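Descriptive structure summary
Residues per chain, in single letters:
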Amino acid sequence: MSAHQDVAHDLRVGSDGSVWDRLEPLLHRVQKPARYIGCEDGPAEPDWSGTGPTGQTVSWLLTYPDTYEIGLPNQGLQILFEILNERPDAVAERSYAPWIDLEAEMRGAGVPLFSVDTHRPAGEFDVVAFNLSAELNYTNLLNLIDLAGMPVRSADRRPRHPLVAVGGHCTFNPEPIADFVDLVVLGDGEEVVSEITAIVSEWKVSGRLDREAVLRELCGVAGVYVPAAYEAVYDGPDLVAVEPRWREAPEVVEKRTIADLADWPYPRRQIVPLTEVVHDRLNVEVFRGCTRSCRFCQAGMVTRPVRERPAEQVRSMVADGLRRTGYDEVALTSLSTADFSGIAEVVGGIVDDDACGRVSVSLPSLRVDAFGVDIASQLQQGRRTGLTFAPEAGSWRLRQVINKLIREQDLYSAVESAYSQGWRRMKLYFLTGLPTETDEDTLGIAELAANCVEVGKQFHKSPSVTVSVGGFVPKAHTPFQWFGQNTVVELQRKIHLLRDEVRRNRGVQMKWHDPRATLIEGINSRGDRRLGDVIESVWRRGGTFQEWSECFRLDLWEEEMAAHGLSIEWYAYRHRGEDEVLPWDHLSCGLHKDFLWQDWRDALDEVGLPDCRWTPCYDCGACTGYGIEHVVASATPPAGGSQGTGQDLTVGGSVPVDLLPRAAVVG
Amino acid sequence: MRVRIRYSKLGKVRFLSHRDLARVLERAVRKAGLPVAYSQGFSPRAKLHFGLALSTGYESLAEYVDVDLADVDGGSDGVTHMAVGPTGADIAALLQPSLPTGIMATASTEIAPGVPELQDAVTSSTWEVLLPVDAAAVAATAAALLAEDEIPVDLLRKGKQVREDLRPLLLSLEVRGAPDGTLLTFELGTKPRSVRPAELLAAMRLTEQPTGVVRTHQWIQSDGERHEPIELVAPSPHASVRAS
């Protein structure tokens, strides 16, 4: 198989529009065929009436560019799947990347990318929309566009081809893939998919003539970015501007934000797969957005403000979901679930609710304090899995730099609480390669882990702590977007330094992420349109599934960067200055650039920033710019722990949240 | 009470692995609100006891699972209670709405304490295999095979080549023409080990990919009698009937 062959897809399909009969014989020869059959519990029978090339109903293929096991649980796609299928003028199905073995069989037999719902060919849909959560999936994006039977470059596609849309966190800097996609959605998709549907429907009914015409129309939808409507201007290696070249295109594209999560109780019918997937449980999103202001965290920056779901709605979504799905585990999801107003009452209510039966509740992002563990313990009636804490950095100094203000004592009391309540295994998550990081900070990780093991020895003979270390990648729209990331050699050196130190302690295990993959993620995270050629070449040379260590090919990336005259040093390792035009300056998540710059300077000065959901607004821009605000049930922070502010809040409730050792002055 | 459930696995869901199917059934039992018993300990699991695994990709009209149900006495363990507990025979119908398309609970019955587990009790399975080849040649091969005293097959076990005799486990073999090729019907023993249909096809040098493989029966041979773990009252639909 070679990925670059322009496969002339055999478009023979069954009488029901399905390629199942041609796919079926291939499934006997591949690993885990169950991921290609669909048949899940949840989806309603898709209604294809009114579709067709010029029918008014718009068909969407919602695609995750990684395997079914990784992609199926994606809540964003499931939410849009339901919203679109509820609309009379839309129908939606789902697709995932076939693993390498099936892809080879499909290309050999001329079977195109298909939906798992009714096994329709991807090319029959009006919109093929991808969720992009990981930059290393960019080559898979190209592969799936090709497997769908379309030219990979949007300029080469004809009116009969589907529109290629992307959404998800990567799209806050989509410039590296700008040449391959037709439209990009920034921010929450709940409302915007309906507006896109209306415009595409009109275009179809009017004869589906000119692709540019519909793209021009789509420029007018708030939150939609059409890369073809802009031109990148360079001066030597430097980007001068990304400018509109169509009059319909706004100078800056603003993200979309739904004001109130209560209006969107989705998914109502979470899809229950028949084969094992990651996060295989009921997931109920309890709030969106986070204002903890961890400076490395793109998610916390681009999803502001905090919008809590009403506690009553959380309870009913959990009870209905458990009853309908048969799951015995529910995760209350958000970027920091212990911060949900009245979290203890909500989870207590679930556990005590007879209608829910025997159920485990998990909080995927546990706060590092004893309060969080107490909640977790209360929730774990059923199977008890490991606990993960994320102190992120090995010293208090560095945690001030990244604004993750967890004191050592918070961690130890959390760990003690966990061991005393029966947990035996703990995982600590750290980043390395953070701004200003010294070897002392790195080695502090080993010390924290060793101390946690000591705490555990009061309760167990051989407690075990796993340290997981990831290389830091600076992301667009964060205060660290100007920071030159650590080189592969430097990350490797730090990891070895830490590994040698950790080896002394038998209770500590260490895992780490491949620094070479960190480099490629970094290049793509802050890259510009010139990277498109590199991505295409790496894909043509077979570099798919780059998120998978067994498939990752640093050599391809390095060779193609060199072949296209692009410098790895320039894209990844170089610090940026305040005045530099960044490739995503024409895209906005609301944050003022001068707020981010000030926060970057504060980081270097080791000055923290409080959580604005409980303290006065410091005008980052996310609320004021869009005329929205936090939706938080309780004006005071939940009891217990340091709340990430470095202050003792054990009495909880009424304590004012100020920073120690000194208050932040921002803006 | 322990309930034995018989079910079929037809159509697209035949690509579910044994492990996937176990999880699907566990969820279905919970979703149906059956008062399933849980194991004790740190990680309680619903008490389901599975029979012989069916290879991924094969269909079946005769799969079995035993489920332990908690005594329905208005207990306080948080499970759904019914005013009057369902009888063993009701369970299949109660479970059906919670099963995916292609899995059909065809019968269920309460089984007495001390009845041997499915894994130990079942002694053979009957299979139907549809091959896209001409029947005459296959019939000749089958006759020759049945005439052999020994059918040596080479297996890789724990990294070592071992030679085994398939003949004692080949209990019957019939060949007849079918509209789409040749239909083989055969019975293969499961003691001391379960022989897979693919092994028999390999021994017959039939290399074509079968159009379909269906387990039609599992058998328990004891005291000179042969019976199914649960006999169906109605005759089972013909194996070529597909669910989807």
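None of these values were measured; they are calculated from a predicted model.

**Quick word on the confidence of the model for chain A**
Residues and elements named next belong to chain A. Confidence in the prediction of chain A, expressed as mean pLDDT, is 90, and 90% of residues score 70 or more. Taken as a whole, residues 1–12 scores under 50 in pLDDT and shows 26 contacts with residues more than four places along the chain or in a different chain. Long-range and interchain partners of residues 649–667, a stretch whose pLDDT sits below 50, account for 45 contacts in this model, where long-range means more than four residues apart.

**Overview of the nonpolar core**
If you look at the biggest cluster of nonpolar residues, it comprises 174 residues, and the most contacted ones within it are Trp60(A) and Leu218(A). Beyond its immediate chain neighbours, meaning those up to four positions away, Leu218(A) contacts Leu183(A), Ile196(A), Ile199(A), Val224(A) and Val226(A).

**Brief notes about the pattern of salt bridges**
Residues and elements named next belong to chain A. Overall, the coordinates contain 76 salt bridges over all chains when judged by the stated rule. With a shortest N-O distance of 3.0 Å, Arg208 and Asp126 are connected by a salt bridge. Pair noted here: Arg208 is in the loop between helix H6 (192–205) and helix H7 (211–218) and Asp126 is in the loop between helix H4 (100–109) and strand E3 (127–131), with a separation of 82 residues, a long-range link. The class of Asp126 is buried, set by a relative accessible area of 3%. In this structure, the salt-bridge partner of Lys593 is Asp585, at a minimum N-O distance of 2.9 Å.

**Some remarks on the packing of aromatic side chains**
Residues and elements named next belong to chain A. Using the criterion set out here, one finds 16 aromatic pairs over all chains in the structure. When the centroid spacing of 5.7 Å and the interplanar angle of 85° are considered together, the rings of Phe472 and Phe480 count as edge-to-face. We note that Phe472, like Phe480, is buried. On the basis of an interplanar angle of 90° and a centroid distance of 4.9 Å, the ring pair of Trp482 and Trp597 is categorised as edge-to-face. Of the two residues, Trp482 is situated in the loop between strand E17 (464–471) and helix H15 (488–502) and Trp597 in helix H20 (residues 593–604); the sequence distance between them amounts to 115 residues.

**Section: the domain arrangement of chain B**
All names here are of chain B. Annotation of chain B at the domain level lists domain 1 (2–116) and domain 2 (120–227). Here the C-alpha centre of domain 2 lies 29 Å away from the C-alpha centre of domain 1. In this complex, domain 1 contributes 13 residues to the contact, which on the side of domain 2 involves 15 residues. A combined buried area of about 1,100 Å² lies between domain 1 and domain 2, and 58% of that area is made up of carbon and sulfur atoms. Taken together, the links from domain 1 to domain 2 amount to one salt bridge. Of the charged contacts in the structure, one is a salt bridge between Glu63 and Arg215, with a shortest N-O distance of 2.9 Å. At the junction of domain 1 and domain 2, the tally comes to seven residue pairs in polar contact (both at pLDDT 80 or more). Of all the elements, strand E3 (residues 59–68) adds the most residues to the side of domain 1 that touches domain 2, at six residues. A class-by-class count of the residues in the side of domain 1 that touches domain 2 yields eight nonpolar, two polar and three charged.

How each quantity is defined
- Residues numbered from 1 in each chain as written.
- Chains lettered and ligands numbered in written order.
- Predicted model: local features only at pLDDT ≥ 70, side-chain atom pairs only at ≥ 80, totals over all residues.
- Heavy atoms only, no water.
- pLDDT = per-residue confidence, 0-100.
- Contact = heavy atoms within 4.5 Å.
- Core = buried A, V, L, I, M, F, W, Y, C linked by side-chain atoms within 4.5 Å.
- Buried < 20%, exposed > 50% of the residue type's maximum accessible area, 1.4 Å probe, protein only.
- Salt bridge = Lys/Arg side-chain N within 4 Å of Asp/Glu carboxyl O.
- Helix = DSSP H or I, 4+ residues; strand = E, 2+ residues; numbered from the N terminus.
- Phe/Tyr/Trp six-rings, centres within 6.5 Å; stacked < 30°, edge-to-face > 60°.
- Domains from an automatic or database assignment.
- Buried area = accessible area lost by both parts, 1.4 Å probe.
- Polar contact = N/O pair within 3.5 Å; in protein donor to acceptor, adjacent residues only side chain to side chain.
- Nonpolar A, V, L, I, M, F, W, Y, C, P; charged D, E, K, R; others polar.

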